[in-house]
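Coordinate analysis (summary)
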Amino acid sequence: MTVNLSALAGAGAQFFDANGDPLTGGKLYSYAAGTTTPQTTYTTAAGTTAHTNPIILNSAGRVPNGEIWVTAGLNYKFVLESSASVLIATYDNITGINGTGIATNASAVTYNPAGLSAVATTVQAKLREYVSVKDFGAVGDGVTNDTAAFVAACAQTQDVFVPPGTYVLTPTGYELKVFCRLFGVRSASIINITINSTLTNGFCMQSNSALDGLTINRNLTLTTAGADGNAIACWPSGADNPVPQEFSGISLKNLTIVGTGSQRNLITFLGNITNFEMDNLDISGVFLSPILLHWRRLAAAPFDSYHPRHGRVTNVVCSAVSLANARNGPYFAATHDIYVENITTINCEDGIVVAAGDIGGVFTVGDSVGKVLSNMTFVNIYVDNPSSKGFWVAGRSDFQSSIGNRWFMTDPANSTGITINGLTIACGAGSTTSTEPLDLYFAKNVDVKNINIFARSSEISRLATMWSVWFRAAVNCSVQGRINMSRGARSVTSLNCAIQDSIIEHNRAMADVLSADYGLTVQGALATAVVSSAVSLGATSIVLSSVPTDIYPGMIFTNSGNTFVFTQSACTSDNVVTVGIQPAPAALSAGDIISVQAVTDSFGVLRNMFNGFARNINAAGVTGAFVKNIRVAFNRFNYCQNHHVYADQVDGFNLSQNSFEQGNQGDTSSGYDVSLRIVVATIVAENVFGSELNNKSVFNVYNLNGNVGAIIQNNVFLYHNPDTTTYPLASSVYLNGSGATGAADIVLGANYFGPSVVNQVLPAAARRSITVGSSRIGFATVIPTGGVWRQGDKVFNISATVGQPKGWVCTVAGEPGTWVSEGNL
């Protein structure tokens, strides 16, 4: 046995009482440190002869043989008393001189933290502030299976450290339930999870649990479809976690997650989950979705559904090996009250998806009632090389025939609101002409700001027919930012949407501009559907055997002269579907055909700059389904190959306070600044045409005969195509077909024509009119032979000469009415 000289009274020590007199007969007890358990001391370095316990001091207050030796490796406590057993002092944690003794109980060792006013504790308390997975038997050598150790460690409720190493986990179910904060050194604490059985996940998060600073490699060998196989999962379901149970306070931070093997999700949160955060995640490899937040419903009636909510997803990079290895980027299905910031997706078929889910909104309960897809904010989103959708807001659901219900974001009962501020979509080699960078499909109340959509230089020509922004059955949506593509925004069917404060530019040279390249197109179509079953008088719904077009609330359909209004949504993939309608004044029979006006209604084009398209704006409806209520204001039209603005079969067209430059750069006879074809109720007011002298538009404003009720006033006409040899009718305003036999009256008032204008208004004989009080005053060369006129209306003869009438007065109202000459000059 090895002994060392005691650090207390080891050799020749002398003890005294309080008066300074030798402690004659004093008693020196020896114990194990921190205890009252006697512990032996020795008289010599040989360690063979033990002292008495206590040691009785001699008359000089000294140890009888003069030395005290202690066992190496042990710590001692010495208690000094007088001969009358009065305590004089206690000395704890004493080791031998040059010894290596440690406390036999860490609770007896004092720990003094650094820092002013730091509170001392014990070594045991300090060490127990967290535990390590190795305390539960984990090895971390990359070979040993550490599943059991992690199961035990994750069941703790305090922080659990994962020391640097490689840990092998092979869960076979949901046994890796995390109740603690499991943390490590991100680059060095590596966890390899292999999943090769169904109904299996990696870490299953519980309330108030966290993963922080880990690298997780998830290898999945399953090939069957399903929601399992995640590296990280949380869904309050199953026998031990029924759906109504709420999970909250879950944190995923500073993680690297790599997926290999089968294409499944890597992180999945389903159902009743609230107050969660995901921050600083690097996700790569093979995955279906890197992050899936999805509603979850009860398996049986009443099919109540629960939704992830009140969460934050920030600073995430999702990079797939290739487009073939990733279906989506982060996917938000029927969530609400979610904040998302600084997200990058690379090589994902769909960069970001925000969707209603199947029946998530129909059976919503609790905190999610009326809130699904509401209060969602996306900030600084970067999508690189999508092949299908860049950012997709899909308010429609998949039809569930087994339940017979579906939900749409545009249903009036749902209060929605999504803000996207800072969205960059870079179309690359994986993008195709059918890729839709920003798709608002059955979306409602979506405000998109600061977009930047462009194609990489090597892909510009290949992606020539891609539409950058789609409004499809969208309601109350707006887009703002920059589009640099061959085709800009397209509204197939939408209600009260807008594109504003944007720069929309063609990305190719003029020689490469295609005739169908539009900066913006708003469309209308007429479709027919068959009524599946009879509709009674005053009914509030209709059953259609098929839906011919996407339907949004407010869309009109007609039957036998009666007009109806849809109050709910439907889509073309729905069959035998019930759709809400406004009560109608007539019933419908089974088999009746209805005509659906699939149109864009109330679209705003405000404060934009358009540059370089064949048509900067194209508004085109069809007979029976006019595009409605289009407002184009405060825009700058800088350059176009053909028309700046083309409107055909539009009802309600307001074009005001815009500037038009460099029109008709293709220099053709059909290139105009504004071409009004069959348009009802047009206002062209306070615009500036052609302040730059290279404007080649044949007409600043062209009016076809079908343009009914146009008002052209307070505009400034400075320049149109001066080549009247090639284009003899070139003029500021052209009234084609609006002459004496035309059906349309054009109100021209208070326009300014600059000195560079060759022809102001052609043809001179065209009928124009203004209204003064209750009477209309017209200007023409002959008595009107068309149009509806009222008694007292007057037409001045603008080509009158001596001997000819100075004008005519309508004495009998009609079409064109009865006219009497005012007399000859």
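Coordinates for the structure precede this section.
Residues numbered from 1 in each chain as written. Predicted model: local features only at pLDDT ≥ 70, side-chain atom pairs only at ≥ 80, totals over all residues. Heavy atoms only, no water.

1. What to know about the pattern of salt bridges
What counts, and what does not: For salt bridges, the criterion is a side-chain nitrogen of Lys or Arg within 4 Å of an Asp or Glu carboxyl oxygen. By definition, any uninterrupted DSSP run of H or I lasting at least four residues is a helix, any uninterrupted run of E lasting at least two residues is a strand, and each is numbered from the N terminus. Partly exposed describes any residue whose relative accessible area lies between the buried limit of under 20% and the exposed limit of over 50%, with all areas from a 1.4 Å probe on protein chains only and scaled to the type maximum.
Evaluated as defined, the whole model comprises 19 salt bridges. Salt-bridge contacts for E692 lead to R636; the nearest nitrogen and oxygen are separated by 3.9 Å. With E692 in the loop between β52 (688-689) and β53 (699-703) and R636 in strand β47 (residues 636-648), this pair connects stretches of sequence that are 56 residues apart. Accessibility expressed as a relative area gives 31% for E692, which makes it partly exposed. Judged by relative accessible area, which is 36%, R636 ranks as partly exposed. A single network of salt bridges, built from pairs that share partners, joins E246, R309, D367 and K371.

2. Remarks on the sheet that holds strand β3 (residues 41-42)
Test applied: When DSSP finds two or more bridges between a pair of strands, those strands are recorded as paired.
A sheet is described by the order of its strands in space; here three strands give the open sequence β1-β5-β3, paired in antiparallel fashion. The open sheet has two free edges, formed respectively by β1 (3-5) and β3, since each of these has just one partner strand. Across two bridges, the pairing between β3 and strand β5 (residues 69-71) is antiparallel. In the strand pairing of β5, Y42 is matched with W69.

3. Section: the nonpolar core
The condition that has to hold: Nonpolar core, defined: a set of buried Ala, Val, Leu, Ile, Met, Phe, Trp, Tyr and Cys residues in which side-chain atoms within 4.5 Å join the residues together.
Counting 130 residues, the largest nonpolar core has F150, L182, F203, L211, F378 and F391 as its most contacted members. If you tally residues by element for this core, the top one is strand β36 (residues 467-484), at six residues. If you look at the next biggest cluster of nonpolar residues, it comprises 32 residues, including W392, A394, F566 and A570.

4. Quick notes on the sheet that holds strand β4 (residues 55-56)
Within a sheet, adjacent strands bond to each other through the backbone by hydrogen bonds, running parallel or antiparallel. As summarised here, the arrangement of the four strands in space is β4-β2-β6-β7, forming an open sheet in which the pairing is antiparallel. At either end of the open sheet lies a strand with only one pairing partner, and these are β4 and β7 (87-94). Where strand β2 (residues 27-32) lies against β4, two bridges are found, and the strand directions are antiparallel. Its bridge partner lying in β4, L28 is registered against I55.

5. A few points about the packing of aromatic side chains
Put simply, the test is: Between 30 and 60 degrees the pair is tilted, below 30 it is stacked and above 60 it is edge-to-face, where a pair is any two Phe, Tyr or Trp rings, Trp via its six-membered ring, whose centres lie within 6.5 Å. Criterion for a charge above a ring: Lys NZ or Arg CZ within 6 Å of the ring centre, and within 35 degrees of the ring normal.
As enumerated under the stated definition, the model contains 25 aromatic pairs in all. Ring centres of F699 and Y734 lie 4.7 Å apart, and the angle between their planes is 15°; this geometry places the pair in the stacked category. Taken together, the residues span a long stretch of sequence, with F699 in strand β53 and Y734 in strand β56 (residues 731-735) at a distance of 35 residues. In this pair, the class of F699 matches that of Y734, namely buried. Judged by centre distance (5.9 Å) and plane angle (10°), the rings of Y702 and Y734 are stacked. Residue Y702 is located in strand β53, and its partner Y734 is located in strand β56; the two are separated by 32 residues in the primary sequence. Assigned by exposure class, Y702 and Y734 land together as buried. Chaining the aromatic ring pairs together yields one cluster made of F610, F637, F660, F689, F717 and F753. Of note, R181 hangs over the ring of F183, and the distance from its end group to the ring centre comes to 4.4 Å. Between R472 and the ring centre of Y441, over which it is positioned, the NZ or CZ distance is 4.1 Å.

6. Let's talk about the side chain of S262
Filter applied, for reference: Contacts were defined at the residue level, with two residues in contact if any of their heavy atoms lie within 4.5 Å.
Checked against the element boundaries, S262 lands in the loop between β21 (251-261) and β22 (267-270). The residues contacting S262, other than those within four sequence positions of it, are R218, L220, T221, L222, T223 and V286.

7. Focus on helix α2 (residues 147-154)
Two residues of an α-helix separated by three or four positions point the same way, owing to the 3.6 residues in each turn. Threshold: Arc definition: it is the arc formed by the directions from the helix axis to the C-beta atoms.
Those residues of α2 not exposed but buried are T147, A149, F150, A153 and C154. Viewed end-on, α2 has its buried residues packed into an arc of 160°, placing them on one side of the element.

8. Some thoughts on the pairing of β2
Among the six residues in β2, six count as buried, and that is most of the element. Sheet topology note: the β2/strand β6 (residues 76-81) ladder contains six bridges and is antiparallel. The partner of L28 across the bridge, within β6, is L80.

9. Observations regarding unusual backbone geometry
Residue P54 follows N53 across a cis peptide bond; omega there is 20°. A cis amide bond links E815 with the next residue in sequence, P816, at an omega value of 10°. Within the element layout of this structure, P816 appears in the loop between β63 (807-812) and β64 (818-821). With phi around 55°, N342 is a residue other than glycine that occupies positive phi space. In this structure, N342 sits in strand β29 (residues 336-346). Residue classification places N342 among the partly exposed positions, given a relative accessible area of 32%. Positive phi values are uncommon outside glycine, yet N385 reaches one of about 65°. For N385, the position within the fold is in the loop between β31 (376-384) and β32 (389-394).

In short, the description is geometric, and any link to function would need to be established separately.
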